Structure formats: C-alpha cells, structure tokens
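Understanding the architecture of this molecule
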Amino acid sequence: MDEKNRVVTRDDNDAPKGPQNAKERFYEKLRMPIPVLDAIIAVLVIALIVALVLGHIKGKA
C-alpha cells in the first residue's frame, strides 16, 4: 500500500502521545504544576471580570 492511501489509526489500548489540544500544549510549554497554573488562570479571569464590572458601573455614574 502506498503512503498516499495508507490509513493511520491508533490502537485503542494506547494513550495518545504528546499534547492533544491547546490547553495541553500551553501547559507543556510552561512546565508548572497544573493546579498552580489553573489557579493563576482563575485569578486572571476573576480580575478581568471585576475590571469589566467596575468599568460598567463607573461608566453609568
């Protein structure tokens, strides 16, 4: 069978190798414990929401 028509499959028993999505690729680049990185992301999202809410309140005053 030539390379063009070959079907590439993964064995159901093997876990995928390497990062599979954007979040996993991001974690691989930073090399931090995942709970710490999740906490940092959560704090940044909360700060963004607070900034948006304060801007909305200040804009109406």
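Everything below is about the structure shown above.
Just so it is clear, the structure is predicted and the values come from calculations on it, not from any experiment. (Residues numbered from 1 in each chain as written. Predicted model: local features only at pLDDT ≥ 70, side-chain atom pairs only at ≥ 80, totals over all residues. Heavy atoms only, no water.)

1. Observations regarding the overall build of the chain
In terms of regular secondary structure, the chain is built from two helices and zero strands. Counting across all 61 residues of the chain, residues that qualify as buried make up 3%. By element, 63% of the accessible surface of the chain is carried by carbon and sulfur atoms, the whole surface being about 5,900 Å². (Helix = DSSP H or I, 4+ residues; strand = E, 2+ residues; numbered from the N terminus. Buried < 20%, exposed > 50% of the residue type's maximum accessible area, 1.4 Å probe, protein only. Areas by Shrake-Rupley, 256 points an atom, 1.4 Å probe, with all protein chains shown as cover.)

2. Some thoughts on the packing of helix α1 (residues 22-30) against helix α2 (residues 34-60)
Closest axis-to-axis distance for the α1/α2 pair is 11 Å, and the angle between their directions is 110°. It follows that α1 is roughly perpendicular to α2 by the angle criterion. α1 and α2 meet at a crossing whose hand is right-handed. Facing α1, whose interface residues are K23, F26, Y27 and L30, α2 presents I34, L37, D38 and I41. Tallied by class, the residues present in the contact of α1 with α2 amount to six nonpolar, no polar and two charged. (Axes fitted to C-alpha atoms, helices over the stretch in contact; angles between N-to-C directions. Parallel < 35°, antiparallel > 145°, perpendicular 65-115°, else oblique. Left-handed = near helix turned anticlockwise from the far one by under 90°. Contact = heavy atoms within 4.5 Å. Nonpolar A, V, L, I, M, F, W, Y, C, P; charged D, E, K, R; others polar.)

3. Quick word on the environment of D38
Here D38 shows up in helix α2. The spacing of D38 and Y27 is eleven residues in sequence and 9.7 Å in space, taken between C-alpha atoms.

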